[in-house]
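Notes for the structure review
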Amino acid sequence: MTTRAPAKARRLTSAPPIRLGINIDHVATLRNARGGRHPDPLRAAKLAVEAGADNITAHLREDRRHIRDEDIARLTAAKLAPLNLEMAVTEEMLQIALKVKPHATCLVPERRQEITTEGGLDVAGQIETLTPFIAKLRRAGIQVSLFIDPEPEQIEASAKVGTDAIEFHTGTYCRAATAGDREASERELKRLADGARQAAALGLEVHAGHGLDYDNVGPVASIPEIVELNIGHHLVGEAIFVGLTASVARMRAVMDDARASLRHSDTEASLGT
């Protein structure tokens, strides 16, 4: 994740490269099912980077159901790639982040009983809490993103609290695409595209993630303002069948193809063809 651009309106004339972040949480889930250290999330991170990942994402939950404190310490020390630490907005997590100093943090909503993150952070309802929280992270040199739904109110609030970036929750779009509901998936894709333009105009870097797979990632990767996708569950699941290196490499190729097609369209438009 790069530093936030100045807060002024901007229009992309061509699509910048898109980064791939690999979430290794479920490697830890499998390890924890039996105990011990196998499979090792650090080894998974190394393979993912070798296969084309630009950064590693890990969610240190309050209940430590998958990633644990020692995983974050080892990932930070290894310096394989920029580490994006997903975390709840709590004093405990703030102190951990300030101690280990990951490259970036992504602030997410968290409920103990949820299976996975169910929606975006309510930034508009937590401006007074989030503003000083984010400021402490940024003063420590840690970049901050907020995991939100692509709603104008939440995007506007994200700019107000001083974050570097936002990450759109793509789960609603992905569920519609998987169900074959073309109308719903196109509606949700438009929300993502409109939200990305709004966020970029406010000077926020735009990321996206949750539920993305080989079949539905292309349209999201084709939104020019989105510069990073964070993907985990699908790739770790596919790794059971084809290996993690092949799983990540295929996602890298699908994303790059989608981006290349967008740049090609931009070139044709500029030439009037």
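For the structure given in this document, a descriptive report is provided here. (Residues numbered from 1 in each chain as written. Predicted model: local features only at pLDDT ≥ 70, side-chain atom pairs only at ≥ 80, totals over all residues. Heavy atoms only, no water.)

1. So, the pairing of strand S8 (residues 226–231)
Among the 6 residues of S8, 6 are classified as buried, and the element is accordingly described as predominantly covered. Bridge analysis of strand S1 (residues 19–23) against S8 gives 4 bridges, and the strand direction is parallel. Paired with Leu20 across the two strands is Leu229, which belongs to S8. Pairing between strand S7 (residues 205–209) and S8: 4 bridges, direction parallel. Its bridge partner lying in S8, His207 is registered against Glu228. (Buried < 20%, exposed > 50% of the residue type's maximum accessible area, 1.4 Å probe, protein only. Helix = DSSP H or I, 4+ residues; strand = E, 2+ residues; numbered from the N terminus. Pairing = 2+ DSSP bridges.)

2. Comments concerning the packing of aromatic side chains
With the rule as written, the count across this model stands at 0 aromatic pairs. Here the basic side chain of Arg250 rests over the ring of Tyr214, its NZ or CZ set 4.0 Å away from the ring centre. (Phe/Tyr/Trp six-rings, centres within 6.5 Å; stacked < 30°, edge-to-face > 60°. Lys NZ or Arg CZ within 6 Å of the ring centre and 35° of its normal.)

3. A look at the pattern of salt bridges
When the charged atoms of two side chains lie near each other, side chains of opposite charge can form a pair. Tallied over the entire structure, the rule returns 17 salt bridges. Across the pair Glu228 and Arg19 runs a salt bridge, and its minimum N-O distance is 2.9 Å. Of this pair, Glu228 sits in strand S8 while Arg19 is found in strand S1, placing the two residues 209 residues apart along the sequence. Here the two residues Glu228 and Arg19 agree in accessibility, since each one is buried. For Lys46, the salt bridge goes to Glu50, with nearest N and O atoms at 2.6 Å. Here Lys46 and its partner Glu50 are both found in helix H2 (residues 41–50), 4 residues apart, which amounts to about one turn of the helix. Using a relative accessible area of 43% as the deciding quantity, one classes Lys46 as partly exposed. Taken together, the shared-partner salt bridges connect Arg19, Glu205 and Glu228 into one network. (Salt bridge = Lys/Arg side-chain N within 4 Å of Asp/Glu carboxyl O.)

4. Notes on the sheet that holds strand S6 (residues 165–169)
Taken in spatial order, the 8 strands line up as S1-S2-S3-S4-S5-S6-S7-S8 and close into a barrel, and their pairing is parallel. Averaged over all adjacent pairs, the angle separating strand axes in this sheet is 25 degrees, with direction ignored. Here 5 bridges tie S6 to S7, and the two strands are oriented parallel to one another. Bridged to Glu167 within S7 is His207. (Axes fitted to C-alpha atoms, helices over the stretch in contact; angles between N-to-C directions.)

5. Brief notes about helix H4 (residues 91–100)
Residues lying three or four places apart along an α-helix face the same way, a consequence of the helix completing one turn every 3.6 residues. Regarding H4, the residues found buried are Met93, Leu94, Ile96, Ala97 and Val100. What you see down the axis of H4 is that its buried residues fit within an arc of 165 degrees, all on one side. Backbone geometry just after H4 places Lys101 at a positive phi near 50 degrees. (Arc of directions from axis to C-beta.)

6. Some words on the side chain of Thr90
Mapped onto the elements of the fold, Thr90 is located in the loop between strand S3 (83–87) and H4. Only 3.2 Å separates the side chain of Thr90 from the backbone nitrogen of Met93, close enough to count as a polar contact. Setting aside anything within four residues of it in sequence, one finds Thr90 in contact with Glu62 and Phe133. (Polar contact = N/O pair within 3.5 Å; in protein donor to acceptor, adjacent residues only side chain to side chain. Contact = heavy atoms within 4.5 Å.)

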